[in-house]
Amino acid sequence: MLVNESLVQDIVQEVVAKLNISEPAAKYHGVFTDMNDAIAAAKKAQAVVRRMSLDQREQIISNIRRKTHENAEALSRMAVNETGMGNVGDKIIKHHLVADKTPGTEDLKTVAWSGDRGLTLIEMGPFGVIGAITPCTNPSATVICNSIGMIAAGNTVVFNPHPAAVKTSMFALNLINEASLEAGGPDNVACTVEKPTLESSDIMMKHKDIPLIAATGGPGVVTAVLSSGKRGIGAGAGNPPAVVDETADIRKAARDIVNGCTFDNNLPCIAEKEIVAVDSIADELMNYMITEQNCYLASKEEQDKLIATVLTPKGLNRKCVGRSAKVLLGMIGVTVPDNIRCIVFEGEKEHPLISEELMMPILGMVRAKDIDDAIEKAVWLEHGNRHSAHIHSKNIDNITKYAREIDTAILVKNGPSYAALGFGGEGYCTFTIASRTGEGLTSAKSFTKSRRCVMSDSLCIR
Ligand code: NAD
């Protein structure tokens, strides 16, 4: 029989129909129309990954790193175009950071005991297929970060990305699968659906082949995941206060705070969202922000207009999230030069532009009478998220007291918030900070289960 193209297509269609697996919906690897098919494909891939040597897994990770570097600008442009949030320059930095500093297989450490009764190891093994839910504020860098950690740990992953960032997420996910294929690994190490919805997320959360769910997003998704009956890693919202006391280098504090707050137009969950300044230095701090850091001081009337614009009865006005200070001011009829980076003002802690997590470069300053008052106000403003907080101080006692009281996963001292992600600070990078469930800054080991391996009475050669 002659085999022509149309015959081959017919056969493929017939086989696909029999297998009951829909064809990948887009030209991208790992994209399916149906969530059940995405999970089935990821499960098949995981059966291969778990048999791969650590060296082979590391080859995949290394390819992901290279591809992320090569595509950093394309991914960043795509994310800004699709979501309208953030800025390309800072997103490029995020992609290089995630490529360079997200831990791979080296993160999986074995613990050993040896003695008269033999040798016992604790080894970190994969869960299987992990369900991951990702935010629109940082779409591709989160997909890449999660994929590196999860695959390094021997898992595969199915994403249910934010619908507002689906194209960018699919592009990132395609790179991950290409990276695997180029390293001799399987396709579909990272999968998703063409149209992620709450329904597809629900299917994922309830699916028997998903033992662990990692959710990065606001309080709604974290609560949903923690109510799923599955093990959940909840990386939720923050509202990080930056405390400044009278011992700080005030000029540097102004620079660090504005740099951190304006990074990617304030989208990162760790970014400074408000300042609590001790009274004796508050005016000086505000002055430096206005005169040296290109901040715009909003009048009472302008603050009211901003409240009416950026907040709606249902929460944040999505059209304002991740927009620049210039665009936000334009929305209330104020024209400023391009170099204006941030909108500042002074207010009480209950001011809606201060107490809400806005994710836009609007930075309110709350005045405190002393460090104790500042700590009390900062703890209130953090809303018990236990996520991130910052302090500018040279007084070790003040710093220690604040650290104990605020009890957050991240506390940056005397630097911009992004130092916590390894950018201008020591340590590794992650874009999934599991404040609510306690893993903190997630990495490959967060996506493993601990397994004890015991050899009785042998192999101790001490
Ligand atoms: P979001 O909560 O609107 O969406 C996040 C993800 O959750 C999306 O994929 C969305 O589709 C999904 N989702 C939302 N509600 C859900 C529900 N009830 N059930 C299932 N899925 C649901 O958040 P966003 O606007 O995309 O991102 C910004 C928020 O995420 C901020 O609150 C920010 O602080 C937080 N965030 C936290 C981290 C962290 O590491 N802790 C990182 C980035 C963003």
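Below, the structure is looked at part by part. (Residues numbered from 1 in each chain as written. Predicted model: local features only at pLDDT ≥ 70, side-chain atom pairs only at ≥ 80, totals over all residues. Heavy atoms only, no water.)

**Focus: the side chain of serine 417**
Convention followed: Runs of H or I in DSSP of at least four residues are treated as helices and runs of E of at least two as strands, each being numbered from the N terminus. Two N or O atoms form a polar contact when they lie within 3.5 Å of each other; inside protein one atom must be a possible hydrogen donor and the other a possible acceptor, and for residues adjacent in sequence the pair counts only when both atoms belong to side chains. What makes two residues a contact is simply this: any of their non-hydrogen atoms within 4.5 Å.
Position of serine 417 among the secondary structure elements: in the loop between strand E17 (410–413) and strand E18 (433–434). Looking at serine 417, its side chain comes within polar contact range of the side chain of glutamate 272, at 2.7 Å. Those residues in contact with serine 417 that sit more than four places away from it in its chain are Gly260, Ile270, Ala271, Glu272, His390 and Val412.

**A short note on the side chain of arginine 323**
Where we set the bar: Buried means the residue's accessible area, taken with a 1.4 Å probe over protein chains only, is under 20% of the maximum for its type, while exposed means over 50%, and partly exposed covers the values in between. Asp and Glu are treated as the negative residues and Lys and Arg as the positive ones, with His and the ends of the chain left uncounted. For this analysis, a salt bridge means a side-chain nitrogen from Lys or Arg found within 4 Å of a carboxyl oxygen belonging to Asp or Glu.
With respect to the secondary-structure elements, arginine 323 resides in the loop between strand E13 (315–316) and helix H13 (325–331). Nearest to the buried, unbridged arginine 323 among oppositely charged side chains is aspartate 264, at 11 Å. A distance of 3.0 Å separates a polar atom in the side chain of arginine 323 from the backbone oxygen of valine 321. When residues no more than four places from it in sequence are discounted, the contact partners of arginine 323 are Thr83, Gly84, Met85, Asn265, Arg318, Leu328, Met331, Met360 and Pro361.

**Side note on helix H8 (residues 198–206)**
Put simply, the test is: Our arc is simply the arc of the directions from the helix axis toward the C-beta atoms.
Residues Ser200, Ser201, Met204 and Met205 constitute the buried set of H8. On an axial view of H8, the arc spanned by its buried residues comes to 140°, and they lie on one face. Turned more than 90 degrees from where H8 packs its buried face, Glu199 and Lys206 sit exposed. Next to the buried residues of H8 lie helix H2 (35–49), strand E4 (129–134), strand E5 (156–161), strand E6 (190–193), strand E7 (212–216) and helix H9 (219–226). If you check the start of H8, you find a side-chain oxygen 3.2 Å away from the backbone N of glutamate 199, and it comes from threonine 197.

**Things to note about the packing of aromatic side chains**
Put simply, the rule is: Planes of paired rings set the category: under 30 degrees apart is stacked, over 60 is edge-to-face and the rest tilted, where pairs are Phe, Tyr or Trp rings (Trp by its six-membered ring) whose centres lie within 6.5 Å.
Enumeration over the complete set of coordinates arrives at four aromatic pairs. Seen in terms of ring centroids, tyrosine 28 and phenylalanine 171 are 6.1 Å apart; in terms of plane orientation they differ by 80°. Their pairing is edge-to-face. Taken together, the positions of tyrosine 28 in the loop between helix H1 (5–19) and strand E1 (31–32) and phenylalanine 171 in helix H7 (residues 166–182) put the pair 143 residues apart, joining distant regions of the chain. Consider the rings of tyrosine 418 and phenylalanine 423, whose centres lie 4.9 Å apart with planes at 45°: the pair is tilted. According to the relative accessible area criterion, phenylalanine 423 is partly exposed, its value standing at 27%.

**A closer look at the site of the ligand**
To keep things clear, this is the line we draw: Being near a molecule or strand, for a residue, means having at least one of its heavy atoms within 4 Å of it. Residue burial considers only the protein chains on display, and all accessible areas are found by Shrake-Rupley using a 1.4 Å probe. Gly is put with the polar residues, along with every residue not named as nonpolar or charged; the nonpolar set is Ala, Val, Leu, Ile, Met, Phe, Trp, Tyr, Cys and Pro, and the charged set is Asp, Glu, Lys and Arg. An automatic or database domain assignment supplies the start and end points of every domain.
Inspection of the region around the ligand gives 30 residues, with Thr134, Gly236, Arg318, Glu357 and Ile433 positioned closest. A distance of 3.4 Å separates an oxygen atom of the ligand from a polar backbone atom of glycine 217. Here an oxygen atom of the ligand and a side-chain polar atom of arginine 318 are 2.8 Å apart. Look at the ligand: alone it shows 830 Å² of surface, and the protein chains cover 85% of it. Elements supplying a minimum of two residues to the shell around the ligand: E4, E5, H8 and H9. Here the shell around the ligand is built from residues that sort into 15 nonpolar, 13 polar and two charged. Inspection of the shell around the ligand shows a minimum of three residues originating in each of domain 1 (5–236 + 440–452) and domain 2 (241–426).

**Here's the deal with the sheet that holds strand E15 (residues 362–368)**
Rules: Pairing between two strands is assigned when DSSP locates at least 2 bridges connecting them. For helices, the fitted line uses only the C-alpha atoms of the stretch in contact; every axis is such a line through C-alpha atoms, and the angle between N-to-C directions lies from 0 to 180 degrees.
Read across the sheet, seven strands follow the order E11-E14-E15-E10-E9-E16-E17 without closing on themselves; strand pairing throughout is parallel. Edge positions in the sheet fall to strand E11 (295–297) and E17, since each has one partner strand and no second. Each strand axis lies, on average, 25° off the axis of its neighbour in the sheet, ignoring direction. The sheet contacts of helix H11 (residues 279–291) involve strand E9 (241–244), strand E10 (274–278), E11, strand E14 (342–346) and E15, and relative to E10 the element is tilted by about 135°.

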